[in-house]
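Examination of the molecular architecture
As a plain string of letters, each chain reads:
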Amino acid sequence: MSYVAPAIKEKFETLSVDLKNVILERNVELYTIHDLIEVLDEIVKEADQDGV
């Protein structure tokens, strides 16, 4: 189950619903903005590999 720390909840909520769902499906723990950026970077890299 994913976790988003209160410290970055406001930033997380600015993302689109679809993107938030993709992040939450990954069962990640996001404590800092750097954690969030890392997950977003992984999503972008995967999309590039898939040709999306």
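The coordinates are above.
Okay, so let's go over this structure.

About the cut-offs
Residues numbered from 1 in each chain as written. Predicted model: local features only at pLDDT ≥ 70, side-chain atom pairs only at ≥ 80, totals over all residues. Heavy atoms only, no water. Axes fitted to C-alpha atoms, helices over the stretch in contact; angles between N-to-C directions. Helix = DSSP H or I, 4+ residues; strand = E, 2+ residues; numbered from the N terminus. Parallel < 35°, antiparallel > 145°, perpendicular 65-115°, else oblique. Contact = heavy atoms within 4.5 Å. Nonpolar A, V, L, I, M, F, W, Y, C, P; charged D, E, K, R; others polar. Expected span 1.5 Å × (residues − 1). Buried < 20%, exposed > 50% of the residue type's maximum accessible area, 1.4 Å probe, protein only. Arc of directions from axis to C-beta. Salt bridge = Lys/Arg side-chain N within 4 Å of Asp/Glu carboxyl O.

**Thoughts on the packing of helix H2 (residues 17–24) against helix H3 (residues 33–50)**
- At their nearest, the axes of H2 and H3 sit 11 Å apart, and the two run at 100 degrees to each other. The angle between the axes of H2 and H3 places the two elements in the roughly perpendicular class. Mapping the contact onto sequence places Leu19, Val22 and Ile23 in H2 and Leu36, Val39, Leu40 and Ile43 in H3.
- In terms of residue class, the contact of H2 with H3 is built from seven nonpolar, no polar and no charged.

**Focus on H3**
- With 18 residues, H3 extends 26 Å between its outermost C-alpha atoms, agreeing within 8% with the 26 Å of an ideal straight helix rising 1.5 Å per residue.
- Within H3, burial applies to Leu36, Val39 and Ile43. Viewed end-on, H3 has its buried residues packed into an arc of 65 degrees, placing them on one side of the element. When the buried face of H3 is taken as reference, the exposed residues oriented beyond 90 degrees from it are His34, Asp48 and Gln49.
- Tucked inside the fold, the buried residues of H3 contact helix H1 (6–12), H2 and strand E2 (29–30).
- Immediately downstream of H3, the backbone of Gly51 shows phi near 75 degrees, a positive value.

**Brief notes about the pattern of salt bridges**
- Overall, the coordinates contain five salt bridges when judged by the stated rule.
- Across the salt bridge formed by Glu13 and Lys9, the nearest N and O atoms sit 3.8 Å from each other.
- Linking Glu13 and Lys20 is a salt bridge whose minimum nitrogen-to-oxygen distance equals 2.9 Å.
- Residue classification places Glu13 among the partly exposed residues on the basis of a relative accessible area of 40%.
- Exposure remark for Lys20: the relative accessible area of 13% places this residue in the buried category.
- One network of salt bridges, with partners in common, ties together Lys9, Glu13 and Lys20.

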